[in-house]
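# Structure at a glance
Single-letter residue listing:
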Amino acid sequence: MRNLTMSLAVATAGILATTAGAQTSRSADSAAVAALDVRYQAAVKANDAAAMGGILADDFALVTGRGTAYSKADLLKAATNKDVLYERQDDTLRTVRVWGNTAVITARLWIKGTTGGQAIDYLLWFSDTYVKMPDGWRYVFGQASLHLPASP
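All values derive from a computational prediction rather than experimental measurement. (Residues numbered from 1 in each chain as written. Predicted model: local features only at pLDDT ≥ 70, side-chain atom pairs only at ≥ 80, totals over all residues. Heavy atoms only, no water.)

Taken as a whole and judged by the stated rule, the model has 7 salt bridges. Here Lys 72 ties to Asp 58 by a salt bridge, and the two come within 3.0 Å at their closest N and O atoms. Within this pair, whereas Lys 72 is found in helix α3 (residues 72–81), its partner Asp 58 is found in strand β1 (residues 56–63), the two being separated by 14 residues in sequence. A relative accessible area of 13% means that Lys 72 is categorised as buried. Where Asp 90 meets Arg 88, a salt bridge forms, and the shortest distance between an N and an O atom there is 2.4 Å. The exposure class assigned to Asp 90 is partly exposed, which follows from its relative accessible area of 23%. Among the charged side chains, a network of salt bridges with common partners joins Lys 45, Arg 88 and Asp 90. (Salt bridge = Lys/Arg side-chain N within 4 Å of Asp/Glu carboxyl O. Helix = DSSP H or I, 4+ residues; strand = E, 2+ residues; numbered from the N terminus. Buried < 20%, exposed > 50% of the residue type's maximum accessible area, 1.4 Å probe, protein only.)

Looking at the protein as a whole, the pLDDT averages 89, with 84% of positions reaching at least 70. Predicted confidence for residues 15–20 stays below pLDDT 50, and this span has 0 contacts to residues more than four positions away or in other chains. (pLDDT = per-residue confidence, 0-100. Contact = heavy atoms within 4.5 Å.)

On to the pairing of strand β4 (residues 102–115). For a regular strand, the rule is simple: side chains alternate between the two faces of the sheet. Two elements, strand β3 (residues 84–99) and β4, share 13 bridges in a ladder whose sense is antiparallel. The partner of Trp 99 across the bridge, within β4, is Thr 102. Both β4 and strand β5 (residues 118–133) contribute to a ladder of 14 bridges, which runs antiparallel. Considered in β5, the bridge of Gly 113 is made with Ile 120. Hairpin connection from β4 to β5: 2 residues lie between these consecutive antiparallel strands, with Gly 116 at a positive phi of about 55°. (Pairing = 2+ DSSP bridges.)

Here it is as structure tokens:
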């Protein structure tokens, strides 16, 4: 009976240690992805195509609320051409969820600036999906909502 009790105690300790290690890893991954997304949003605001290119996966896709799809090449071209000049590109209410080698960020984004000489100023929700690859986390897929209605 004593051997069984000792075996159960060792097994339980092992499970608790593994769970604690997984939580630590998840927290570290969550922090790493959040920091990477902050860098990505800053790169977009600055139209820094080089920084964006280092974060986006080669097969990246973005789908907007209107159903338009953009590739990595599309976003880098828009940044290089400065298609949008940003005054604001700020997200709030950020939540990071990590499941193994996949992380999803949801946040509300305020975009303000000009595009094609026209002023833009709106809020939307987005979800950014990151995948941990051999060379680190990469932004693989984004989806943006329609513009949110103006607050009363």
